[in-house]
Amino acid sequence: MREMLMALAALAGAALPIQAAINGQLRSFVGSPVLTSLISFFAGTVVLAAVHFGMQGGSLPSVASVARTSPWMWLGGPLGTLFVLTAIIVTPRIGAASMIALVVAGQLCMALVLDHFGWIGLPGREVGAMRILGAGLLLAGAVLITRN
């Protein structure tokens, strides 16, 4: 099961440069990176609604359930928007490889902080020497990829 989850994570990662390139092309037709992001999220919302309501027979949560959430729990969407909008603007200028290398470097650094302190409900995992070395190598790779 762990291997399957790892493969799924790699597949999702492989989709990111494709998404960035597709959205970059869409931007050339619609003109605005914000409108391009809106179209991208609308299309994603339609797919998710079809899966949740159609294929899974899901329903909306109760108002009481929604009221029990913390305000920070609603930041996932805006953070996804930040990624998509940034990718639309940056990818055509620096290329997919540089964009993704820098995204992965930023993701890894923040993931290490989240793991180490156990923030946002994650179990704490110590950031030891091997994890720091791995992050350093990944950062070095990102620097090399972004060089011309």
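Cut-off values and rules
Every chain begins its residue count from 1, and numbering advances along the sequence as written. Owing to the predicted nature of the model, reporting of local features is limited to residues with pLDDT of at least 70; listing and counting of side-chain atom pairs is limited to 80 or more, with chain, interface and lining totals taken over all residues. Hydrogens and water are ignored here; the side-chain numbers use all heavy atoms of the structure. To obtain each axis, a line is fitted to C-alpha atoms, and for helices this fit is confined to the stretch in contact; angles are then taken between N-to-C directions over 0 to 180 degrees. Numbered from the N terminus, helices here are DSSP runs of H or I no shorter than four residues, and strands are runs of E no shorter than two. What sets the label is the angle itself: under 35 degrees gives roughly parallel, over 145 gives roughly antiparallel, 65 to 115 gives roughly perpendicular, and the rest give oblique. Should the near helix be turned anticlockwise from the far one by less than a right angle, the crossing is left-handed, and should it be turned clockwise, the crossing is right-handed. Residue contacts are counted whenever heavy atoms from the two residues lie within 4.5 Å of one another. Three classes are used, and their members are as follows: Ala, Val, Leu, Ile, Met, Phe, Trp, Tyr, Cys and Pro are nonpolar, Asp, Glu, Lys and Arg are charged, and the others, Gly among them, are polar. Distance thresholds for patches are 9 Å for like charges and 5 Å for nonpolar side chains (Val, Leu, Ile, Met, Phe, Trp, Tyr), applied to residues having over 30% relative accessible area and no salt bridge. To be clear on the numbers: accessible area is Shrake-Rupley with a 1.4 Å probe, and residue cover counts the displayed protein chains and nothing else. For salt bridges, the criterion is a side-chain nitrogen of Lys or Arg within 4 Å of an Asp or Glu carboxyl oxygen. The span you would expect from a helix comes to 1.5 Å times its residue count less one. Buried residues are those whose accessible area, probed at 1.4 Å on protein chains only, stays under 20% of the maximum for their type, while exposed residues exceed 50% and partly exposed ones sit between those limits.

(A) The packing of helix α5 (residues 96-117) against helix α6 (residues 129-146), seen in detail. Relative orientation of the contacting elements α5 and α6 amounts to 160°, with a least axis distance of 8 Å. Overall, the two elements α5 and α6 adopt an arrangement that is roughly antiparallel. Crossing of α5 against α6: the hand is left-handed. Contact residues: Ala-97, Ser-98, Ala-101, Leu-102, Val-104, Ala-105, Leu-108, Cys-109, Leu-112 and Asp-115 in α5; Arg-131, Ala-135, Leu-138, Leu-139, Ala-142, Ile-145 and Thr-146 in α6. Across the contact of α5 with α6, the residue classes tally to 13 nonpolar, two polar and two charged.

(B) How the structure looks around a nonpolar patch on the surface. Together, Val-66, Trp-72, Met-73, Trp-74, Leu-75, Leu-79, Leu-82, Met-110, Val-113, Phe-117, Trp-119 and Ile-120 make up a nonpolar patch on the protein surface, roughly 1200 Å² of accessible area in all. The dominant element in the nonpolar patch, judged by the number of residues it contributes, is α5, at three residues. Following the sequence through the fold, Ile-120 ends up in the loop between α5 and α6.

(C) Representation of α5 in the model. With 22 residues, α5 ought to run about 32 Å at 1.5 Å a step, and its terminal C-alpha atoms sit 31 Å apart, in line with that. The set of residues buried in α5 consists of Ser-98, Met-99, Ile-100, Ala-101, Val-103, Ala-105, Leu-112, Leu-114 and Asp-115. Buried residues belonging to α5 abut α1 (2-30), α4 (76-94) and α6. Gly-118, located one to two residues past α5, shows a positive phi value of around 65°.

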